[in-house]
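Examining the three-dimensional arrangement
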Amino acid sequence: MTDIPETQSAPPGVSLEQSWGTALAAVVCERCDWGFLIPEAVDLGRCPHCFQPTLGRIDQDVSQLPYTQPPELIIPYALSEAQLSQEIQRFASGIPYPPQDLVSKNLQARLQRVFLPMWLVDASVQAAWKAETGFNYQVVSHQDRYSGSGWASQQVKEGRVRWEPRLGRLDRIYTNIAAPALEDHAILQAALGEFNLTAVRTYQPEDTRKAFVRLPSRSPQDAWSDAQLALFNAAAEECRQAARADHLRQFSWQPEFTEQHWTQLLLPVYTAYYLDDDRQPQLLLIHGQSGKMNGVRRASMKRATRSALTVLGIAVLIFILGLILGGASLAVPPLLVPAILALALALLVGLGAIIPPVRAGWFNRSQKP
Ligand SMILES: [Zn+2]
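Residues numbered from 1 in each chain as written. Predicted model: local features only at pLDDT ≥ 70, side-chain atom pairs only at ≥ 80, totals over all residues. Heavy atoms only, no water.

For arginine 244, which is not glycine, the phi dihedral falls at a positive 55 degrees. Residue arginine 244 is classed as exposed on the basis of its relative accessible area, which comes to 72%. Residue glutamate 259 is not a glycine yet carries a positive backbone phi of 50 degrees. Following the sequence through the fold, glutamate 259 ends up in strand S9 (residues 247–275). (Buried < 20%, exposed > 50% of the residue type's maximum accessible area, 1.4 Å probe, protein only. Helix = DSSP H or I, 4+ residues; strand = E, 2+ residues; numbered from the N terminus.)

For helix H8 (residues 355–366), built from 12 residues, the straight-helix expectation of 16 Å at 1.5 Å per residue is met to within 8% by its first-to-last C-alpha distance of 16 Å. Looking at the buried residues of H8, the elements they touch are helix H6 (301–328) and helix H7 (336–352). (Expected span 1.5 Å × (residues − 1). Contact = heavy atoms within 4.5 Å.)

With that out of the way, let us pick up the coordination of the zinc ion. Looking at the metal site, the zinc ion is ligated by Cys29 (SG), Cys32 (SG), Cys47 (SG) and Cys50 (SG), spaced 2.3 Å from it. Relative to the metal, the four donor atoms surrounding the zinc ion lie at angles of 101 to 124 degrees, and the coordination shape comes out tetrahedral. Here the donor residues of the zinc ion share one chain and are spaced in sequence as C-x2-C-x14-C-x2-C. As far as burial versus exposure is concerned, cysteine 47 and cysteine 50 are alike and both buried. (Donors = N, O, S within 2.8 Å, 3.2 Å for Na, K, Ca; no water. Tetrahedral: all angles 85-135°; square planar, octahedral: opposite > 155°, others 65-115°.)

Attention now goes to the nonpolar core. Buried together is how nonpolar side chains tend to be arranged in soluble globular proteins. Judged by nonpolar contacts, the single largest core of 32 residues is most densely connected at Trp20, Leu37, Phe91, Leu102, Leu107, Phe115 and Ile286. Elements that contribute at least two residues to this core include exactly helix H1 (16–20), strand S1 (24–29), helix H2 (81–93), strand S8 (211–214), S9, strand S10 (281–287) and H8. Filtering out sequence-adjacent residues up to four positions away, isoleucine 286 remains in contact with Leu79, Leu84, Leu111, Leu192, Val269, Tyr270, Ala272, Gly291, Lys292 and Met293. Listed in part, the 25 residues of the second largest apolar core include Leu116, Met118, Leu182 and Phe212. (Core = buried A, V, L, I, M, F, W, Y, C linked by side-chain atoms within 4.5 Å.)

Per the domain assignment, the segments making up the protein chain are domain 1 (70–130 + 162–296) and domain 2 (302–366). Relative to domain 2, the C-alpha centre of domain 1 lies at a distance of 55 Å. The interface is formed by eight residues belonging to domain 1 together with nine residues belonging to domain 2. Each partner contributes to the roughly 790 Å² buried at the junction of domain 1 and domain 2, and carbon and sulfur atoms together form 57% of this total. Interface area lost by domain 1 to domain 2 is led by Pro96, Tyr97 and Asp277, which between them contribute 71%. (Domains from an automatic or database assignment. Buried area = accessible area lost by both parts, 1.4 Å probe.)

Summed over all chains, the structure comprises 15 aromatic pairs. Both rings, one in tryptophan 224 and one in phenylalanine 257, keep their centres 5.0 Å apart while their planes meet at 85 degrees; by these two values the pair is edge-to-face. Of the two residues, tryptophan 224 is situated in helix H5 (residues 220–242) and phenylalanine 257 in strand S9; the sequence distance between them amounts to 33 residues. Residue classification places phenylalanine 257 among the buried residues on the basis of a relative accessible area of 3%. Across the ring face of phenylalanine 91, the terminal group of arginine 297 is positioned such that the distance to the ring centre comes to 4.4 Å. (Phe/Tyr/Trp six-rings, centres within 6.5 Å; stacked < 30°, edge-to-face > 60°. Lys NZ or Arg CZ within 6 Å of the ring centre and 35° of its normal.)

Dropping the structure here:
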């Protein structure tokens with residue numbers, strides 16, 4: 001095992017401004033506790049997570065904060081306006097009586113770029129390893145089968161694996177092994193889906209210009225166990241390749257890690273919100289590559305009630321028509337049948353008026369918070 005630096009804000013003698021390429025301020029939301037780095041010159045505004053004006057600057061010298069290692073790689077935003085608009089429509093279409101505020105134009109105006117951090121660690125590894133390497137080979141045999149015209153011999157090929165024990169030494173530097181930097185990483189990943197890592201490029205200071213960069217909430221010490229697992233898998237795959245084997249099993253190693261270097265990978269996410277019936281902001285998280293949208297879907301009881309009142313109004317009109325026809329049937333008896341039909345129809349339509357609020361209420365109860 002090796003020492004993991006508790007804080008490695010920047011290489012010695014390099015300020016945060018130098019390592020990030022721009023002057024940054026650290027802020028934290030008093031309500032949801034998400035912490036961010038934002039460009040020094042930007043007004044505080046609202047928290048891009050809970051949308052309350054509860055952001056406060058962290059008084060501590062930013063260069064002394066833990067986990068502000070400079071970003072090395074970034075996945076750029078890759079979502080067109082048309083794609084985003086389509087995703088918003090898809091999200092809204094799953095809601096009966098969606099709130100009036102939930103429209104593409106509003107959400108586009110409220111989009112906020114938020115980068116989520118992942119740890120990237122470079123490590124030098126010296127290890128003794130052993131494993132069983134597997135090699136594919138084919139066995140050819142003959143099977144005799146009886147058909148109507150007599151016995152026929154048929155060649156059968158069967159794939160098998162030959163296993164051989166191997167051991168060796170490994171001396172390697174692994175770069176950019178990724179590990180979660182947020183306590184809620186798994187929840188966010190489940191909500192948004194995977195990121196396409198092949199799109200990574202080198203971080204540039206302009207990337208943070210209009211964005212919030214979320215501060216890691218998980219230390220390199222905590223993340224190290226995940227990184228070690230990734231290193232183990234990478235080493236096993238390399239040993240398989242070096243042995244030119246088709247398979248590898250029972251891989252084990254006694255590693256020693258030295259020269260760790262921790263940087264960050266930034267993942268692109270948008271946040272936005274829509275206002276529900278009570279004018280409360282409902283958070284939407286949007287994947288910056290795929291556009292996948294995650295948020296609580298709330299049906300509008302106000303809209304559902306308005307629909308119900310419209311239906312009820314129609315029922316009343318039919319009822320009045322039924323009464324008029326009923327009255328007229330005293331003079332013209334054949335009108336009695338349409339009068340009864342109209343009254344029955346009015347009753348049916350009137351009962352139908354309860355459907356919109358029941359449907360909206362049932363939908364809201366079915367949504368997980
Ligand atoms: Zn907040």
